[in-house]
Amino acid sequence: AGLASSTYKADVSDEELMLSTVELAVKSGAQLVVLSGPELGTVAERAQLKYPKVNFVLAGTLDRPELFQNGTQIGYSAEQGGWLAGYAAVIEGKKRLSYLDTDDILAQRYALGFLMGAEAAAAEQKLPAGTVTVYPFRFDISDQGESWEAQLAPLYSPGIEVVFANY
């Protein structure tokens, strides 16, 4: 049963643009649309009314009013999201990982989950100690001196395979 998926990105601060992005996905044949983040709750509610035959998932929150019959909510903590990301990376064979380290408490909780998920996958696969390496990378989003691309450039020198970030 060949499943196809596509990723659409838009500025989440622009509700009309997000709704247009959902519309593009539906017109391209999407039968399930996943929106991530509590800030997209209104978009999910509007899209559900506009497209009653399409199913919607609002991930990352449980604080929205009851969604319609064609929608559901999935809530999770930052640690759980990070755990799944770290676990999936190692299960998929990635051994050189990194995450963005910031002062933001949610990002720190995500990073903790990421490390624990990577460790759990390595243990499950019985990988020898030191097989999976994780490099925290300090990133300052407020640094106006250089672009984020320039700040992240050092991540590529040690051969990092996967970088996870949660902001």
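As a starting point, this report considers the structure included with it. Just so you know, these numbers come straight off a predicted model, no measurement behind them.

1. A short note on unusual backbone geometry
Note on backbone geometry: most residues besides glycine have negative phi, and most peptide bonds are trans.
Working step 1: A positive phi angle, close to 55 degrees, is found at lysine 126, a residue other than glycine.
Working step 2: Using a relative accessible area of 72% as the deciding quantity, one classes lysine 126 as exposed.

2. Things to note about a nonpolar patch on the surface
Working step 1: The grouping of Trp83, Leu84, Leu112 and Met116 at the surface amounts to a nonpolar patch, some 390 Å² of accessible area in total.
Working step 2: Position of leucine 112 relative to the elements: it lies in helix α4 (residues 105-124).
Working step 3: A relative accessible area of 46% means that leucine 112 is categorised as partly exposed.

3. Some points on helix α2 (residues 41-50)
Working step 1: What α2 keeps buried is the set Gly41, Val43, Ala44, Glu45, Ala47 and Gln48.
Working step 2: In this structure, the buried residues of α2 make contact with α1 (15-27), β1 (32-36), β2 (55-59) and β3 (71-74).

4. Structural notes on the sheet that holds β3
Working step 1: The sheet built from three strands is open, its strands ordered β1-β2-β3 with parallel pairing. Only two strands of the sheet have a single neighbouring strand rather than two, namely β1 and β3. On average, each strand axis in the sheet is inclined to that of its neighbour by 20 degrees, with strand direction left out of account.
Working step 2: Pairing analysis gives four bridges linking β2 to β3, with the strands arranged parallel. Bridge pairing links valine 57 to threonine 72 in β3.

5. Observations concerning the pairing of β1
Working step 1: Along β1, the buried face is formed by Val33 and Leu35; none of Leu32, Val34 and Ser36, which line the opposite face, is buried.
Working step 2: For the segment spanning β1, α2 and β2, crossover handedness is right-handed.

6. Re the pattern of salt bridges
Where side chains of opposite charge bring their charged atoms close, a pairing between them can arise.
Working step 1: Here the structure, examined in full by the defined rule, presents five salt bridges.
Working step 2: For glutamate 15, the salt bridge goes to arginine 46, with nearest N and O atoms at 2.8 Å. Of this pair, glutamate 15 sits in helix α1 while arginine 46 sits in helix α2, and the two are 31 residues apart along the sequence.
Working step 3: Using a relative accessible area of 32% as the deciding quantity, one classes arginine 46 as partly exposed.
Working step 4: Here lysine 50 makes a salt bridge to glutamate 23, at a shortest N to O gap of 2.7 Å. Placement of lysine 50 in helix α2 and of glutamate 23 in helix α1 is noted, with a sequence separation of 27 residues between them.
Working step 5: Judged by relative accessible area, glutamate 23 falls into the partly exposed class, the value being 23%.
Working step 6: One connected set of salt bridges, linked through shared partners, spans Glu15, Glu16 and Arg46.

Cut-offs and rules
- Residues numbered from 1 in each chain as written.
- Predicted model: local features only at pLDDT ≥ 70, side-chain atom pairs only at ≥ 80, totals over all residues.
- Heavy atoms only, no water.
- Buried < 20%, exposed > 50% of the residue type's maximum accessible area, 1.4 Å probe, protein only.
- Patch = residues over 30% accessible without salt bridge, like charges linked within 9 Å, V, L, I, M, F, W, Y side chains within 5 Å.
- Areas by Shrake-Rupley, 256 points an atom, 1.4 Å probe, with all protein chains shown as cover.
- Salt bridge = Lys/Arg side-chain N within 4 Å of Asp/Glu carboxyl O.
- Helix = DSSP H or I, 4+ residues; strand = E, 2+ residues; numbered from the N terminus.
- Contact = heavy atoms within 4.5 Å.
- Pairing = 2+ DSSP bridges.
- Axes fitted to C-alpha atoms, helices over the stretch in contact; angles between N-to-C directions.
- Right-handed = clockwise from strand over helix to strand, strands pointing away.

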